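Reading the structure
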Amino acid sequence: MIGALTPGFAEPVGGAQSCFRQVLDAMARPGRVYTVGAVAAPAPLSDAAAAVVLTLMDHETPLWLDPEAEAARGWIAFHTGAPITGDPAKSMFALALTHYAMTIWHRLPFGTDEAPQTSATVILHVASLTTGRAFVLEGPGLRSPATLTVDGLPGDFAAVWQRNHALYPCGIDLILCAGNQLAALPRSVAVREG
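Residues numbered from 1 in each chain as written. Predicted model: local features only at pLDDT ≥ 70, side-chain atom pairs only at ≥ 80, totals over all residues. Heavy atoms only, no water.

1. With respect to the overall build of the chain
Filter applied, for reference: By definition, any uninterrupted DSSP run of H or I lasting at least four residues is a helix, any uninterrupted run of E lasting at least two residues is a strand, and each is numbered from the N terminus. Values of the radius of gyration come from C-alpha atoms, whereas the globule rule sets the reference at 2.2 Å times the count of residues to the power 0.38. Exposure categories follow from relative accessible area, calculated using a 1.4 Å probe and restricted to protein chains: below 20% of the type maximum is buried, above 50% is exposed, and the middle band is partly exposed. Whether two residues are in contact is decided by their heavy atoms: any pair within 4.5 Å suffices.
Regarding its fold elements, the chain presents five helices and ten strands. What you see for the chain is a C-alpha radius of gyration of 16 Å, in line with the 16 Å of a compact globule of 194 residues. When the 194 residues of the chain are sorted by exposure, 49% land in the buried category. Taking as baseline every contact in the chain between residues at least 6 positions apart, the subset at least 24 positions apart corresponds to 66%.

Okay, here's the thing in structure tokens:
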């Protein structure tokens, strides 16, 4: 019911512009953690995930939605107009609240050599971007190796990411969201356990 929907950004234009800059910066500076501005995220979305959804999605960006995020479907549709698809292969974005996303990872679009930009971006909820396992990042955007600490990634994440990175310039990009914080792992970055 539309009357029960929460608003999006407290300041829609400024909030979206600020979040867009943060996502771009996060992709350009892998592993750096950013804090998003005020957003009224519906359960079960975190503020950061809701902000990324509001910023990057519209009626031309098909979204695969983790079944655990089903309660936010109406909010996402109302605020973004993004078509929600049940087929990961037809998505441009995937919003995942659980490790379930890793089980459908191979079904997401990885792009092609002619059009690597047609790959999907995964927005993944994690428990924390300040505690947990340490990962060492190397690659474009990093003058020296950087460390990202994450709580909530599957145990085999480094191996999964290594296979993804090997596909470069194709492959999946990842935006990690915890509370009101986000960090990004573009496909160009190599990741190993620290």
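2. Concerning the sheet that holds strand β6 (residues 128-138)
Rule in force here: At least two bridges found by DSSP between two strands is the condition for calling them paired. Here an angle of 0 to 180 degrees is reported between the N-to-C directions of two axes, which are lines fitted to C-alpha atoms, with helices fitted over the stretch in contact.
The three strands lie next to each other as β7-β6-β10, forming an open sheet whose pairing is antiparallel. The sheet is open, and its two borders are formed by β7 (146-151) and β10 (190-193), each paired with just one other strand. Strand-to-strand twist of the sheet, defined as the mean angle between neighbouring strand axes without regard to direction, takes the value 50°. Bridge analysis of β6 against β10 gives four bridges, and the strand direction is antiparallel. Across the sheet, the residue bridging to Val136 is Arg192, located in β10. Sheet strands in contact with helix α5 (residues 157-165) are β6 and β10, and its direction is about 160° off that of β10.

3. Some words on the environment of Gly8
Tracing the chain through its elements places Gly8 in the segment before α1 (12-28). Under the relative-accessibility criterion, Gly8 is labelled buried at 11%. Remark: the alpha-carbon pair of Gly8 and Ile76, spanning 68 residues in sequence, is separated by 9.5 Å. Not counting chain neighbours up to four residues away, the residues in contact with Gly8 comprise Val39, Ala40, Leu54, Trp75 and His79.

4. Quick notes on the packing of α1 against helix α2 (residues 47-56)
Put simply, the test is: Angles below 35 degrees are treated as roughly parallel, those above 145 as roughly antiparallel, those between 65 and 115 as roughly perpendicular, and all remaining angles as oblique.
Where α1 contacts α2, the two axes come as close as 9 Å, and the packing angle between them is 100°. With respect to each other, α1 and α2 are oriented roughly perpendicular. Here Ala16, Cys19, Phe20 and Val23 of α1 come into contact with α2, specifically with Ala51, Val52, Thr55 and Leu56.

5. Considerations on α5
How we decide: Here the arc refers to the set of directions running from the helix axis out to each C-beta atom.
Taken as a whole, α5 has its buried residues at Phe157, Ala158, Val160, Trp161 and Asn164. For α5, the angular spread of buried residues about the axis comes to 160°, placing them on one side. Exposed side chains of α5 directed beyond 90 degrees from the buried face belong to Gln162 and Arg163.

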